[in-house]
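# Chain and residue survey
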Amino acid sequence: MPADGELEITDRARRLYRDAIVIDTHNDLVTKVLDEGYDPAVRHAPVQGHTDVPRLIDSGLTAQVLAAWVDAPYAQRGPGASFARALAYADAIHALVDAYPAALCFATTAANVRRAKAAGTVAIFMGVEGGHAIEDSLDNLRELKRRGACYLTLTWNNGNTWAGSSIGSGDTRTTGLTRFGRQVIGELNRLGMLVDVSHTSSETLADVLAASQAPVIASHSSARALADHPRNLSDEELRAIAARGGVICVNFYSRFIEVRVREAMDAAEARVEAEPAGTAAQRSARLEALLERIPPTPLSVLIDHIDHIARVAGIDHVGLGSDFDGIRLTPAGAADVTAYPRIAQALLDRGYADDDVRKVLGANVLRLMDDVLGADA
Ligand SMILES: [Zn+2]
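Residues numbered from 1 in each chain as written. Predicted model: local features only at pLDDT ≥ 70, side-chain atom pairs only at ≥ 80, totals over all residues.

## Things to note about the overall build of the protein
Within the protein, the regular secondary structure consists of 15 helices and 9 strands. For the protein, the spread of C-alpha atoms along the three principal axes comes to 55 × 55 × 45 Å. Per-residue burial over the protein gives 52% buried out of 377 residues. A separation of at least 24 residues holds for 74% of the contacts in the protein among residues at least 6 apart in sequence. (Helix = DSSP H or I, 4+ residues; strand = E, 2+ residues; numbered from the N terminus. Buried ≥ 20, exposed ≤ 12 C-beta atoms within 10 Å, placed from the backbone. Contact = placed C-beta atoms within 7 Å.)

## Topic: the domain arrangement of the protein
The domains assigned to the protein are domain 1 (4–258 + 297–372) and domain 2 (270–296). With centres defined by C-alpha atoms, the gap from domain 1 to domain 2 works out at 29 Å. (Domains from an automatic or database assignment.)

## Some words on the nonpolar core
Within the largest apolar cluster, 110 residues are counted, with the highest numbers of intra-cluster contacts made by V113, I248 and I309. Apart from residues lying up to four places away in sequence, I309 is in contact with A223, L238, I248, V250 and V318. (Core = buried A, V, L, I, M, F, W, Y, C linked by C-beta atoms within 7 Å.)

## Details of unusual backbone geometry
In most cases, non-glycine residues show a negative phi, while peptide bonds are predominantly trans. Even without being a glycine, D136 presents a positive backbone phi close to 60°. In this structure, D136 sits in the loop between β4 (122–129) and α6 (138–146). Here D136 falls in the partly exposed class, since 14 other C-beta atoms lie within 10 Å of it. In this model, D323 sits at a positive phi of 75°, which is unusual for a non-glycine residue. When you line up the elements, D323 lands in the loop between β9 (318–320) and α14 (340–349). Judged by the 26 C-beta atoms lying within 10 Å of it, D323 is buried.

## Considerations on the pairing of strand β8 (residues 247–250)
Alternating residues of β8 divide into V247 and C249 and I248 and V250, and every residue in both groups is buried. As paired strands, strand β7 (residues 217–218) and β8 are joined by 2 bridges and run parallel to one another. Residue pairing in the sheet places A218 in a bridge with I248 of β8. Regarding the hand of the β-α-β motif, the stretch spanning β7, helix α9 (residues 235–243) and β8 is right-handed. Bridge analysis of β8 against β9 gives 3 bridges, and the strand direction is parallel. From the neighbouring strand, C249 faces β9, where its bridge partner is G319. (Pairing = 2+ DSSP bridges. Right-handed = clockwise from strand over helix to strand, strands pointing away.)

## Comments concerning the environment of I23
Within the element layout of this structure, I23 appears in strand β1 (residues 23–27). I23 sits in the buried class, given 28 other C-beta atoms within 10 Å. Each C-alpha atom, one on I23 and one on A63, is 4.7 Å from the other, the two residues being 40 residues apart in sequence. If near-sequence neighbours (up to four positions away) are discounted, I23 is found in contact with T62, A63, V113, G319, G362, V365 and L366.

## Some points on helix α7 (residues 179–191)
For α7, which comprises 13 residues, the first-to-last C-alpha distance of 18 Å matches the rise-based estimate of 18 Å (1.5 Å per residue) to within 8%. Residues of α7 that are buried: G181, V184, I185 and L188. Taken end-on, α7 shows its buried residues confined to a sector of 95°, consistent with a single buried face. (Expected span 1.5 Å × (residues − 1). Arc of directions from axis to C-beta.)

## Considering the packing of helix α1 (residues 11–19) against α14
At a minimum axis distance of 9 Å, the contact between α1 and α14 shows a crossing angle of 125°. As the angle between them shows, α1 and α14 are arranged oblique. Crossing hand, α1 versus α14: right-handed. Side by side, α1 and α14 meet where R12, A13, R14, L16 and Y17 of the first sit next to P341, A344, Q345 and L348 of the second. When grouped by side-chain class, the residues that make up the contact of α1 with α14 number 6 nonpolar, 1 polar and 2 charged. (Axes fitted to C-alpha atoms, helices over the stretch in contact; angles between N-to-C directions. Parallel < 35°, antiparallel > 145°, perpendicular 65-115°, else oblique. Left-handed = near helix turned anticlockwise from the far one by under 90°. Nonpolar A, V, L, I, M, F, W, Y, C, P; charged D, E, K, R; others polar.)

## Observations regarding the pairing of strand β5 (residues 149–153)
Counting buried residues in β5 gives 5 out of 5 residues, a clear majority hidden from the surface. Sheet topology places β4 next to β5; 4 bridges connect them, and they run parallel. Opposite M126, over in β5, you have A149 as the bridge partner. Handedness of the crossover joining β4 and β5 through α6: right-handed. Where β5 lies against strand β6 (residues 194–196), 3 bridges are found, and the strand directions are parallel.

## Focus: the packing of helix α2 (residues 29–36) against helix α4 (residues 81–99)
Axes are the key here: two packed helices are described by the angle between their axes and the distance separating the axes. Running from amino to carboxyl end, α2 crosses α4 at an angle of 105°, the nearest separation of the two axes being 10 Å. Between α2 and α4, the crossing angle belongs to the class labelled roughly perpendicular. Residues V30, V33 and L34 of α2 lie in contact with α4, whose contacting residues are A88, Y89, A92 and I93.

Below, the structure written as structure tokens:
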């Protein structure tokens, strides 16, 4: 048996993958571009970054949602800061697409994805992450839609004045949607934007499912029954999202999907925390060295999450939302955006029918886009 990382890709898997629509619904490349001076034009090693344009082209992805992630501290920086940050992402994403007219195209609909497949380009969507980005203004939400946003992730690890977060910084771990929160859901429905429930508290998720007229997405969340982490979804939540026609896109982060890694990362962070203070750079280097010693999550664990969601929610309700470039440790064999053919192979190896593999790779998300994002502009 080859190790996960060297999984052999059969001709059948290669053909299936080449013809399939492949969609990943969450990637943080643009944060690296904005904050680290990361050059997306240059091919990087996976340890430097999970994504760049050369590897996006190699990946065979049909569509990638790039996150416009507004970090929690922006909420404290005064009026305008969070919304301006979201707009900076929108500008950066459009600039990235404009720089590669032959390889990338900006997308807002399912039709754009099909056209990208036919043209051999990668459709780039923008998803806004962190509801504080709209600063309690439906006008701001409408502006983000005009800039091309396909979804709003209602919270990040911080909740906001109208929705609670599963991690609960800001003490919103157990809060649901407020009246204004329900108005946000109504406006997302009206605008033809996806409601993204990744990161939200269980109470907020339940309120969203009661309020939303349209099916929802969990753009980057895995299964809590396999790994008990607040960022993952319980079986009951998986079923509830599926019952309304939604799709759960599996997050690849080893910390979320494997308890062993979560515990090892928690311990490494606690150890660095307890050491005599050094500079931030020294502490970060010490942490990096400790994380490197953690044996990687096998690819099979990631496939277990896909398989679990397919069993519990149904094969029509599971997709892929890697969270690449927003995560520190990835499974073996899924170290960067070129990993998706190995996922197709691993599913075939588990006896998945070709059609079911296509559903996981992208057909389910494409259906959701058809249902919610509306017709071509
Ligand atoms: Zn996230």
